[in-house]
Amino acid sequence: RFLLLYLPISDFVYLMLNKPQGCVSAVYDKKYPVVTEFVPEEYEHFEVYPVGRLDIDTEGLLILTNDGQFAHEMTSPKKDVYKRYFAVLDKPMEEKDVEIFAGGMEFKEFTAKSAKLEITENPNEVYIEIAEGKFHQVKRMFKAIGMEVIYLKRISMGKLKLDDTLMLGDYRELTAQEIAQIGGNV
């Protein structure tokens, strides 16, 4: 006699990519390399796409999936999923700037929600958390107070943190625990 064990195979896949600079958060682009080029052939049939966007010169945590509901839950401003970034600025931040970011900011086409700003020991290096992901939002927020972002890296989305063992351009599947933690379909 044989005991057959059937394990459920998910139709969904969730990959964590440490996105390098120089590629765009898209499936296809005529001009630039795209983040899906980092996904090996074994995942091609899943037709993954990026959850949200990172600018071409921004690096760090990017999730690739084929789960549309999950992607919506992670990126909808109404869901308040905070994204945490590390930024290096051309000028030092001051404590008064923390309050400015906490108050939200008016832009021509949207009002940015309250952002959490944490100044490190080096006042040119900060952590910022935002709930939206509007076009160049982090850079635009700093520019609104007269600063330029020199370097930007996303380090977390909600409870999911970038695996610091991943080199730029490397990826790995999310664990079942990570998927459950951020609301995916395990």
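Rules of the game
- Residues numbered from 1 in each chain as written.
- Predicted model: local features only at pLDDT ≥ 70, side-chain atom pairs only at ≥ 80, totals over all residues.
- Heavy atoms only, no water.
- Buried < 20%, exposed > 50% of the residue type's maximum accessible area, 1.4 Å probe, protein only.
- Helix = DSSP H or I, 4+ residues; strand = E, 2+ residues; numbered from the N terminus.
- Arc of directions from axis to C-beta.
- Contact = heavy atoms within 4.5 Å.
- Polar contact = N/O pair within 3.5 Å; in protein donor to acceptor, adjacent residues only side chain to side chain.
- Salt bridge = Lys/Arg side-chain N within 4 Å of Asp/Glu carboxyl O.
- Core = buried A, V, L, I, M, F, W, Y, C linked by side-chain atoms within 4.5 Å.
- Phe/Tyr/Trp six-rings, centres within 6.5 Å; stacked < 30°, edge-to-face > 60°.
- Lys NZ or Arg CZ within 6 Å of the ring centre and 35° of its normal.
- Pairing = 2+ DSSP bridges.

Help me understand helix α1 (residues 68-75) in this model?
Turning to α1, its buried residues number three or more, namely Phe70, Ala71 and Met74. Seen along its axis, α1 keeps its buried residues to an arc of 100°; they face one direction. As for α1, its buried residues are in contact with β1 (14-19), β2 (49-50), β3 (59-65), β4 (83-89), β9 (149-157) and α4 (176-182). Its side-chain oxygen placed 3.3 Å from the backbone nitrogen of Gln69, Asp67 serves as the N-cap of α1.

Is there a simple way to think about the pattern of salt bridges in this case?
Any two side chains of opposite charge can pair if their charged atoms end up close together. With the rule as written, the count across this model stands at ten salt bridges. Between Asp55 and Lys139 there is a salt bridge, with the nearest N and O atoms lying 3.1 Å from each other. Residue Asp55 is found in the loop between β2 and β3, and its partner Lys139 is found in helix α3 (residues 137-144); the two are separated by 84 residues along the sequence. For Asp55, a relative accessible area of 19% gives the class buried. The partner of Lys79 in a salt bridge is Glu73, and the shortest N-O contact between them spans 3.6 Å. Judged by its relative accessible area of 39%, Lys79 falls in the partly exposed class. Through salt bridges with shared partners, one network takes in Asp55, Asp57 and Lys139.

Mind showing me how you'd approach the nonpolar core here?
Side chains of a nonpolar character, in soluble globular proteins, are inclined to be buried together. In terms of nonpolar packing, the biggest core is built from 32 residues, with Met93, Phe101, Ile128, Met141 and Phe142 touching the most fellow members. At the level of secondary structure, the elements contributing two or more residues to this core comprise β1, β3, β4, β7 (116-119), β8 (125-130), α3 and β9. For Phe101, the contacting residues outside a window of four places in its chain are Met93, Lys113, Ser114, Ala115, Leu117, Ile128, Met141, Phe142 and Ile145. Judged by nonpolar contacts, the second largest core, of 16 residues, contains Met16, Ile63, Leu162 and Leu166.

In this structure, what is going on with the packing of aromatic side chains? I would like to understand it.
Overall, the coordinates contain seven aromatic pairs when judged by the stated rule. Between Phe101 and Phe142, the ring centres sit 5.0 Å apart and the planes meet at 45°, which makes this aromatic pair tilted. Placement of Phe101 in helix α2 (residues 95-102) and of Phe142 in helix α3 is noted, with a sequence separation of 41 residues between them. Side by side, Phe101 and Phe142 carry an identical accessibility label, which is buried. Ring centres of Phe107 and Phe110 lie 5.1 Å apart, and the angle between their planes is 25°; on these two criteria the pair is classed as stacked. Aromatic ring contacts, followed pair by pair, group Tyr43, Phe46 and Tyr171 into a single cluster. The side chain of Lys116 reaches across the aromatic face of Tyr82, ending 4.4 Å from its centre.

When you look at the pairing of β9 in this model, what are you seeing that I'm missing?
Pairing of β3 with β9 involves two bridges; the strand directions are parallel. Looking across to β9, one finds that Glu59 is bridged to Lys153. Relative to β9, β4 runs antiparallel, the two being bridged by seven bridges. Residue pairing across strands places Phe86 opposite Lys153, the latter belonging to β9. Note that β9 and strand β10 (residues 160-161) share two bridges and pair antiparallel. The partner of Met157 across the bridge, within β10, is Leu160. With antiparallel pairing between neighbouring strands as the criterion, β9 and β10 make up a hairpin whose turn holds two residues, including Gly158 at a positive phi of roughly 60°.

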